[in-house]
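Overview (structure and organization)
Residues per chain are reported as follows:
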Amino acid sequence: MSLVEITGLTVAFDGVRVLHGIDLTIGKGEAVGLVGESGCGKSVTWLAALGLLPQKARIGGRVMMEGADLLTMPRSEIEKVRGARIAMIFQDPSSALNPIIRVGRQIEEAIALHRGLTGASVRAEAKRLLDLVGIPDASRRLDNYPHEFSGGQNQRVMIAMALAGNPDLLVADEPTTALDATIQAQILDLIVRLRNETGLALVFISHDLGAVSQVCERACVMYAGRIIESGPTAELFRQPRHPYTNGLFEALPRLDGPRRRFVPIEGTVPDPRHMPAGCAFSPRCRSARENCHHTQPALATLSGTRQIACLHPLSDSPASERQRDFAVA
Ligand SMILES: Nc1ncnc2c1ncn2[C@@H]1O[C@H](COP(=O)(O)OP(=O)(O)OP(=O)(O)O)[C@@H](O)[C@H]1O
Ligand SMILES: [Mg+2]
């Protein structure tokens, strides 16, 4: 059963397209990773879906949830979806928490807004949520201000606020990037645990392929405003078929095997104002052939649940098989 179904989503700013038709379905309770280099459209996809882009953005396509299109909903309706049905957390908790209001009150406001609870039950629910996200001594900590929490704890508070409306889907946009490695690992564990306990569906946006493999059963790789490969995380990571996905893995530091040269993908992501003809990755692609430079490949089913947009996918021969241990940088 699908929860949210995005079809042909396009976004343009000032006449320049940055999203070129995203098709993405999130199932109930499913965890889907969205990966790709900076600027490929990961955030814009969900900001557009939830009506959070500035006025000047031109948006096309459909974002269906239970028979209604979020893109054409009146403002009052989409505001009810945000928070109550779909919650989003961002990289930087300081952008979402008000520094001069006690943390408890901020969580309580979110609970009251989305769930219509009142009085003592709101306070009790706020305490339950702080407990749930692993803040010790929750009833006392409700009276603290954000600056009295560490960065990792603030991120937990943000997650508690996101959960205040009992959402069906949590969109976590780089939720751990601003944190140090140990705290990152704890927040990832928390997200995995919350999913198991609540049955929440999750969209996990991250540069960190290791984190995505830990949290998500399916992953979509984006490049220059398109999904270029998707599939079950384990399969995709064992054997990427798109040269770009493969390049992302090559660029990862590895724990296993002999130490070797760090191999970043050469070149840079194209400027949306000057997109190359054909496949947007072709100028950087070591496997590119003549037709790649003038034909745009569509995202098509490769086999089973795997999809790829590439005219010359890498072979699936066992020779390219490899075991990976992720060294999370
Ligand atoms: N408000 C805006 N006005 C104009 N252009 C924008 C705006 N927001 C995003 N863009 C452009 O849209 C494209 C996609 O941006 P997006 O933020 O989705 O990238 P991203 O994949 O989330 O990158 P990162 O990993 O750095 O967060 C980029 O080219 C960006 O410059
Ligand atoms: Mg982003």
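In this text the structure is predicted, and so the values were computed from the model without any measurement.

**Structural notes on the overall build of the protein**
A tally of helices and strands in the protein yields 10 helices and 12 strands. Over its C-alpha atoms the protein spans a radius of gyration of 21 Å, differing by no more than 12% from the 20 Å that the globule rule assigns to 329 residues. Its C-alpha atoms give the protein principal-axis dimensions of roughly 70 × 50 × 35 Å. Here the protein holds 329 residues, and 50% of them are scored as buried. The long-range fraction of contacts in the protein, counting pairs at least 24 apart against all pairs at least 6 apart in sequence, stands at 64%.

**As for the confidence of the model for the protein**
Averaged over every residue, the pLDDT of the protein is 89; residues scoring 70 or more account for 91%. When pLDDT is averaged over each element of the protein, strand 4 (residues 58–65) comes out on top at 98 and helix 7 (residues 181–198) at the bottom at 88. Below a pLDDT of 50 lies the segment residues 318–329, which in the model reaches 31 contacts outside its immediate sequence neighbourhood of four places, other chains included.

**Observations regarding the sheet that holds strand 2 (residues 16–27)**
Spatially, the 4 strands line up as an open sheet ordered 2-1-4-5, and their pairing is antiparallel. Across the chains shown, the open sheet's two edge strands, defined by having one partner strand only, are strand 2 and strand 5 (68–69). Across 6 bridges, strand 1 (residues 2–13) lies against strand 4 in antiparallel orientation. The partner of Val-11 across the bridge, within strand 4, is Ile-59. Along the sheet face, helix 1 (residues 42–49) touches strand 1, strand 2 and strand 4 and points at about 110° away from the line of strand 1.

**Some details on the pairing of strand 9 (residues 218–223)**
Judged by how many residues are buried, strand 9 sits mostly within the fold: 6 of 6 residues are covered. Along strand 9, one buried face is formed by Arg-218, Cys-220 and Met-222 and the opposite face, lined by Ala-219, Val-221 and Tyr-223, is buried too. In terms of strand pairing, strand 3 (residues 31–35) meets strand 9 through 4 bridges, oriented parallel. The residue bridging Gly-33 from the neighbouring strand is Ala-219, located in strand 9. In terms of strand pairing, strand 9 meets strand 10 (residues 226–232) through 6 bridges, oriented antiparallel. Bridged to Met-222 within strand 10 is Ile-227. What sits between strand 9 and strand 10 in their antiparallel hairpin is a turn of 2 residues, with Ala-224 showing a positive phi close to 45°.

**Topic: helix 10 (residues 243–250)**
With respect to burial, helix 10 is a largely interior element, 8 of its 8 residues being buried. What helix 10 keeps buried is the set Pro-243, Tyr-244, Thr-245, Asn-246, Gly-247, Leu-248, Phe-249 and Glu-250. Of the surrounding elements, those touching the buried residues of helix 10 are helix 8 (209–215), strand 9, strand 10 and helix 9 (233–238).

**Things to note about unusual backbone geometry**
Although it is not a glycine, Asp-14 adopts a positive phi angle of roughly 50°. On the secondary structure map, Asp-14 appears in the loop between strand 1 and strand 2. Residues other than glycine seldom take positive phi values, yet Glu-174 does so here, at roughly 50°. The residue Glu-174 is located in the loop between strand 7 (169–173) and helix 7 in this model. Classification of Glu-174 by relative accessible area gives buried; the value is 6%.

**Quick notes on the site of ligand 1**
Taken together, the neighbourhood of ligand 1 is formed by 14 residues, with Ser-38, Gly-39, Lys-42, Ser-43 and Val-44 sitting nearest. For ligand 1, an oxygen atom lies 3.2 Å from a polar atom in the backbone of Cys-40. Between an oxygen atom of ligand 1 and a side-chain N or O atom of Ser-43, the distance comes to 2.9 Å. Protein burial of ligand 1: of its 640 Å² of free accessible surface, 66% is covered by the chains.

**Remarks on the packing of helix 6 (residues 151–163) against helix 7**
Orientation of helix 6 relative to helix 7, taken along the N-to-C sense of each, is 20°, at an axis distance of 10 Å. One finds that helix 6 runs roughly parallel with respect to helix 7. In this structure, helix 6 crosses over helix 7, and the sense of that crossing is right-handed. Across the interface between the two elements, Gly-152, Gln-155, Arg-156, Ile-159 and Leu-163 from helix 6 touch Ile-183, Gln-186, Ile-187, Leu-190, Ile-191 and Leu-194 from helix 7.

**Quick notes on the pattern of salt bridges**
Within this structure, the stated rule accounts for 18 salt bridges. One salt bridge in this structure joins Glu-125 and Arg-128, with 2.9 Å as the shortest N-O distance. You can see Glu-125 and its partner Arg-128 sitting in helix 4 (residues 120–132), 3 residues apart, about one turn around the helix. You can call Arg-128 partly exposed: its relative accessible area is 41%. Several salt bridges converge on common partners, so that one network encompasses Glu-66, Arg-85 and Asp-168.

What counts as what
- Residues numbered from 1 in each chain as written.
- Chains lettered and ligands numbered in written order.
- Predicted model: local features only at pLDDT ≥ 70, side-chain atom pairs only at ≥ 80, totals over all residues.
- Heavy atoms only, no water.
- Helix = DSSP H or I, 4+ residues; strand = E, 2+ residues; numbered from the N terminus.
- Rg over C-alpha atoms; globule rule 2.2 N^0.38 Å.
- Buried < 20%, exposed > 50% of the residue type's maximum accessible area, 1.4 Å probe, protein only.
- Contact = heavy atoms within 4.5 Å.
- pLDDT = per-residue confidence, 0-100.
- Pairing = 2+ DSSP bridges.
- Axes fitted to C-alpha atoms, helices over the stretch in contact; angles between N-to-C directions.
- Near = heavy atom within 4 Å.
- Polar contact = N/O pair within 3.5 Å; in protein donor to acceptor, adjacent residues only side chain to side chain.
- Areas by Shrake-Rupley, 256 points an atom, 1.4 Å probe, with all protein chains shown as cover.
- Parallel < 35°, antiparallel > 145°, perpendicular 65-115°, else oblique.
- Left-handed = near helix turned anticlockwise from the far one by under 90°.
- Salt bridge = Lys/Arg side-chain N within 4 Å of Asp/Glu carboxyl O.

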